[in-house]
Amino acid sequence: MRLLWKLVILLPLINSCAGDGLLSRPIFTQEPHDIIFPLDLSKSEVILNCAANGYPSPHYRWKQNGTDIDFTMSYHYRLDGGSLAISSPHTDQDIGMYQCLATNLLGTILSRKAKLQFAYIEDFETKTRSTVSVREGQGVVLLCGPPPHFGDLSYAWTFNDNPLYVQEDNRRFVSQETGNLYIAKVEPSDVGNYTCFITNKEAQRSVQGPPTPLVQRTDAPPEWEQKIQNTYLSIYDNLLWECKASGKPNPWYTWLKNGERLNPEERIQIENGTLIITMLNVSDSGVYQCAAENKYQIIYANAELRVLASAPDFSKSPVKKKSFVQVGGDIVIECKPNAFPRAAISWKRGTETLRQSKRIFLLEDGSLKIYNITRSDAGSYTCIATNQFGTTKNTGSLIVKERTVITVPPSKMDVTVGESIVLPCQVSHDPSIEVVFVWFFNGDVIDLKKGVAHFERIGGESVGDLMIRNIQLNHSGKYLCTVQTTLESLSAVADIIVRGPPGPPEDVKVEDISSTTSQLSWRAGPDNNSPIQIFTIQTRTPFSVGWQAVATVPEILNGKTYNATVVGLSPWVEYEFRVVAGNSIGIGEPSKPSELLRTKASVPVVAPVNINGGGGSRSELVITWESIPEELQNGEGFGYIIMFRPVGSTTWSKEKVSSVESSRFVYRNESIIPLSPFEVKVGVYNNEGEGSLSTVTIVYSGEDEPQLAPRGTSVQSFSASEMEVSWNAIAWNRNTGRVLGYEVLYWTDDSKESMIGKIRVSGNVTTKNITGLKANTIYFASVRAYNTAGTGPSSPPVNVTTKKSPPSQPPANIAWKLTNSKLCLNWEHVKTMENESEVLGYKILYRQNRQSKTHVLETNNTSAELLVPFEEDYLIEIRTVSDGGDGSSSEEIRIPKMSSLSSRGIQLLEPSTHFLSIVIVIFYCFAIQLLI
């Protein structure tokens, strides 16, 4: 009433202010939100925010759970502006829904509701956790079981005394919803104590549960060995279900139907895991469970029993519309309608009821079987099904076909590797039936679609012949041709024997080895269907080219011989041996090589050959020979024995050369007369002793250099690049030194390009042509004699200047005219440069287009006439002739054969030819024609 009175008094003022637009209703600028407050901070203060604008400024009230808060009666509630402050909050009296109210003269507004809750978590109970036992390899769940709390929790686990948390991986998982620890496939290392840690971040507190022991157990909860399966039976049938489980201790069984325990009665018998229900009726349908239980666990096996009652129905399993069979064959036409209880079956052929006979049988399942089919059995067959709920019919047709017969089967064959053969497989069959041929080799299908290297199907529709090209040993075996139709499958088999050269012998061993022999043994390899007739032993050394056959004792190794002595080996050589077998087909692959072994050492028997020598310096006797190859040295410590004596002497001098690669020995003695003859022979030795000596050879001692210089030396130039040096032969004797030939030296005086050439000629030759020289250059030449001791003194030098270079410009402005077999040529005279030789004449080189032989015509003029049969194109070029040699050639000119020329006339070979030159050429050729 007092408030109403105030409003009456203030109403004019309010209207006045409203007219000026200054008053405004309360509008929230801040509203309270839900708060979860940590219980452990209960001595602090909770603030629920609330603020509003308005004029005049609003004042505030608060409601808790719909009831106004009396700030005068509650010491721990106070207003802070529009916000509600709750000091030292308590869960029992302060939890709830709070709402702020803002009021001024224009009215009151309510804020959204805000829930105040307290986050907390209590301690775990201290009682000991039960031991969790699990078998190795099974999964297990360790329950955390958080204590009373409010607020979001996070979970972690520790293992034994490890301060670190259990890490999650592909076997371990901690649920952050329940806190449970999941371990898949428990391992022995997982056994121990597990402790759950819980953290409430909002309550700002963590707690630790009591440890849960995890142990590995040897007894097993129940596990199913046999479960019940869904079963569909007809009314009045009997049900027999059996379930079986293993466990330790042994489980006991309980049966349930639709979740209710099933008890024995008149039609229901229960014994352990066995359930028997007799004379089923529709009410027996339902979901049944077999429960197996021991002290650790109970497990269930579930199955549905459906008891059916209906008239016969062919909709899901009709009689086959068309059944195909061959004459003489058997057929079963099935009749399996759905009917509950089972229907009684009878058959009709057309309108005739069928009865059992010698060929016709009604099978227990209702099917009709007919033996030894004839053409007259074709027709329509009707199955009639009857039970207490009704009768139903269904009809199908029987179609009789002629039999398929293999007329040409494959036959046994005996072939040689590499041959090509055809295995026949041909049939006669009903024209309306498609036949398919499939070949098998040793039980495996031959896939002819993959382009197999050796197999190919040949023939038409009714022919399944198989061609085997380039047959191999591994193609021996059984070949089966199968003929498949929609009605039957026929087959015929043939054995193919492929014979080939023997396989490689095996286990080649060297059992004893001497200096020249070796004992070998081996085992025969596969004979590849043809008996082994002969063995051959081959050997290889580091010095042989590939494998070579060796002599043996016995000389002939027949197919029953498995050891032999190899003879004729070289001492002190490493040998490998292998064995090759042969039969009537051919020679097979060789065996693997034997172990590498060395023959024993012996005295060398091969003497050096090609004993020679001579030359060297004065007072020297040089002896040479051809060194003995390593395979003939016969042992270690190999060397050469050198024996020599002057011709006419009776005493031999003897020297040894220990180097195995030596092929030269020099004996020095000042008393040796130059070019004295010696008898020489060379032998061999090794650690086993001295071997053979070569035959005697005459070798001359060294000689002096020639003492005389050649006389009459002269030189002349033939061209820009060629000169000839000549001299007189030296008349020599033993005192002046033997002359074997001459050495020509030549050089220039150009300090920038000084060069010395050296050319030797042998015997009594007294001239030498030297080519490759520089043009227009002074060359000096000198000659000296030589022999095995060296060169003698040189003759006084002579000199000559080479010719200037030949002309560098080729003949130009070439024109030609062809009449019958006469060719007129004309060209401009070539002018030379100052450093070039003058033109002395010209060479015309011509040849037929398809021949390599070139003809040459020389002339001093700038024209020429050729008489040639122009049956083919001719190629012509012209070059200059000078003292310096032949100059540059013109480009090759092609003169076409007569038949290709449309008219006679002059052909200009260069488009730049001056008109006056053309006139001159025409006039020249015309004059030649008049003279002719």
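These numbers come from a predicted model, not from an experiment.

Undergrad: I'd like a rundown of the overall build of the chain, residues and numbers included.
TA: When its secondary structure is counted, the chain shows 3 helices and 84 strands. Along the first, second and third principal axes, the C-alpha set of the chain runs to 165 × 120 × 95 Å. Partitioning the intrachain contacts of the chain with sequence separation of at least 6 by distance along the chain shows that 64% fall at a separation of at least 24. Of the roughly 51,700 Å² that the chain leaves accessible, carbon and sulfur atoms contribute 50%. Seen as two clouds, the 87 positive and the 98 negative side-chain charges of the chain have centres 5 Å apart.

Undergrad: How would you summarise the pairing of strand β4 (residues 51-55) if you had to cite specific residues and measurements?
TA: Burial along β4 is one-sided: Ala52 and Gly54 are buried, and none of Ala51, Asn53 and Tyr55, which face the opposite way, are. Relative to β4, strand β1 (residues 24-30) is paired through 4 bridges, and the arrangement is antiparallel. Following the sheet pairing, Phe28 is matched in β4 by Ala52.

Undergrad: So what's going on with the state of the cysteines? Residues and values would help.
TA: Applying the stated criterion across every chain, the model contains 5 disulfides. Each sulfur of the disulfide joining Cys425 and Cys481 lies 1.9 Å from the other. Disulfide Cys425-Cys481: the torsion about the S-S bond is -80 degrees, which places it as left-handed. In this pair, Cys425 is assigned in the loop between β43 (421-423) and β44 (426-428) and Cys481 in strand β49 (residues 477-484), connecting sequence segments 56 residues apart. Take Cys425: its relative accessible area is 0%, and that puts it in the buried class. Judged by its relative accessible area of 0%, Cys481 falls in the buried class.

Undergrad: Would you mind going over the sheet that holds strand β29 (residues 286-293) in detail, with residue names and values included?
TA: Across a sheet, paired strands are connected by hydrogen bonds in the backbone, their directions being either parallel or antiparallel. A sheet is described by the order of its strands in space; here 5 strands give the open sequence β22-β30-β29-β25-β26, paired in mixed fashion. Whereas interior strands pair on both sides, the edge strands pair on one side only; in this sheet they are β22 (231-234) and β26 (260-261). Here 4 bridges tie β22 to strand β30 (residues 298-308), and the two strands are oriented parallel to one another. By the bridge assignment, Thr231 is partnered in β30 with Leu305.

Undergrad: Report on the side chain of Thr880, specifying residues and quantitative values.
TA: Mapping Thr880 onto the fold places it in strand β81 (residues 874-882). With sequence-adjacent residues up to four places away left out, Thr880 is seen in contact with Pro807, Gln809, Pro811, Val830, Val839, Gly841, Tyr842, Gly885, Asp886, Gly887 and Ser888.

Undergrad: With reference to specific residues and values, describe a nonpolar patch on the surface.
TA: On the surface, a cluster of nonpolar side chains totalling about 370 Å² of accessible area is made up of Val141, Leu143, Phe173 and Tyr182. Note that Leu143 resides in the loop between β13 (140-142) and β14 (149-150). Residue Leu143 is classed as exposed on the basis of its relative accessible area of 55%.

Undergrad: Run through unusual backbone geometry, naming residues and quoting values.
TA: Most peptide bonds take the trans form, and the phi angle of most residues other than glycine is negative. Residue Pro249 is reached from Lys248 by a cis peptide bond, and omega for that bond is 0 degrees. Topologically, Pro249 is positioned in the loop between β24 (244-246) and β25 (252-257). Even without a glycine there, the phi angle at Asn442 is positive, about 50 degrees. If you trace the backbone, Asn442 turns up in the loop between β45 (436-441) and β46 (444-445).

Undergrad: Give me the lowdown on the sheet that holds strand β35 (residues 344-349), citing residues and values where you can.
TA: An order of β32-β40-β39-β35-β36 is seen for the 5 strands of this open sheet, with the pairing classed as mixed. Each edge of the open sheet carries a strand with a single partner, namely β32 (322-326) and β36 (352-353). Relative to strand β40 (residues 390-401), strand β39 (residues 379-387) runs antiparallel, the two being bridged by 9 bridges. Paired with Tyr381 across the bridge in β40 is Gly396.

Undergrad: Which residues make up the environment of Pro222, and what values do they have?
TA: Of note, Pro222 is situated in the loop between β20 (212-216) and β21 (223-226). Taking the C-alpha atoms as reference, Pro222 lies 7.9 Å from Tyr296; in sequence the two are 74 residues apart.

Undergrad: Explain the confidence of the model for the chain to me, and be specific about the residues and the numbers.
TA: Keep in mind that low pLDDT regions are not for reading the predicted coordinates in detail. Of all residues in the chain, 93% have pLDDT values of 70 or greater, and the mean over the chain is 88. The model gives residues 1-20 a pLDDT under 50, and that stretch makes 5 contacts with residues more than four places away or in other chains. Here residues 902-932 scores under 50 on pLDDT; set against residues more than four positions off or in separate chains, the count is 39 contacts.

Undergrad: Just give me the short version of the pattern of salt bridges, but keep the residues and values in it.
TA: Any two side chains of opposite charge can pair, given that their charged atoms come close. Taken as a whole, this structure holds 37 salt bridges when the rule is applied. One salt bridge in this structure joins Arg306 and Glu304, with 3.1 Å as the shortest N-O distance. Taking relative accessible area as the criterion, Arg306 reaches 37% and is therefore assigned partly exposed. Since its relative accessible area comes to 25%, Glu304 is described here as partly exposed. Residues joined by salt bridges that share partners form a network here, namely Asp169, Arg171, Arg172, Glu187 and Asp190.

Undergrad: Any chance you could break down the pairing of strand β10 (residues 107-110) for me, citing the residues and the numbers?
TA: Across 4 bridges, the pairing between strand β9 (residues 96-104) and β10 is antiparallel. Residue pairing for β10: Leu101 is matched across the bridge by Leu110. Between the antiparallel neighbours β9 and β10 lie 2 residues.

Undergrad: Pulling in residues and values, what's your account of the packing of aromatic side chains?
TA: Applying the stated criterion across every chain yields a total of 18 aromatic pairs. Judged by centre distance (4.7 Å) and plane angle (50 degrees), the rings of Phe644 and Tyr667 are tilted. Pair noted here: Phe644 is in strand β62 (residues 639-646) and Tyr667 is in strand β64 (residues 664-668), with a separation of 23 residues, a long-range link. Look at Phe644 and you get buried, because its relative accessible area is 1%. Its relative accessible area of 22% is what places Tyr667 among the partly exposed residues. Through a chain of ring-to-ring contacts, the aromatic side chains of Phe441, Phe455 and Tyr479 assemble into a single cluster. Across from the ring centre of Tyr685, 4.5 Å away, lies the NZ or CZ of Lys656, which sits over that ring.

Undergrad: Let's hear about the side chain of Ser782: which residues, and what values?
TA: For Ser782, the position within the fold is in strand β73 (residues 778-787). For Ser782, a relative accessible area of 4% corresponds to the buried category. Here Ser795 takes part through its backbone oxygen, which lies 2.6 Å from a polar atom of the side chain of Ser782.

Cut-offs and rules
Residues numbered from 1 in each chain as written. Predicted model: local features only at pLDDT ≥ 70, side-chain atom pairs only at ≥ 80, totals over all residues. Heavy atoms only, no water. Helix = DSSP H or I, 4+ residues; strand = E, 2+ residues; numbered from the N terminus. Contact = heavy atoms within 4.5 Å. Areas by Shrake-Rupley, 256 points an atom, 1.4 Å probe, with all protein chains shown as cover. Lys, Arg positive; Asp, Glu negative; His and termini not counted. Charge placed at Lys NZ, Arg CZ, Asp CG, Glu CD. Buried < 20%, exposed > 50% of the residue type's maximum accessible area, 1.4 Å probe, protein only. Pairing = 2+ DSSP bridges. Disulfide = S-S within 2.5 Å. Patch = residues over 30% accessible without salt bridge, like charges linked within 9 Å, V, L, I, M, F, W, Y side chains within 5 Å. Salt bridge = Lys/Arg side-chain N within 4 Å of Asp/Glu carboxyl O. pLDDT = per-residue confidence, 0-100. Phe/Tyr/Trp six-rings, centres within 6.5 Å; stacked < 30°, edge-to-face > 60°. Lys NZ or Arg CZ within 6 Å of the ring centre and 35° of its normal. Polar contact = N/O pair within 3.5 Å; in protein donor to acceptor, adjacent residues only side chain to side chain.

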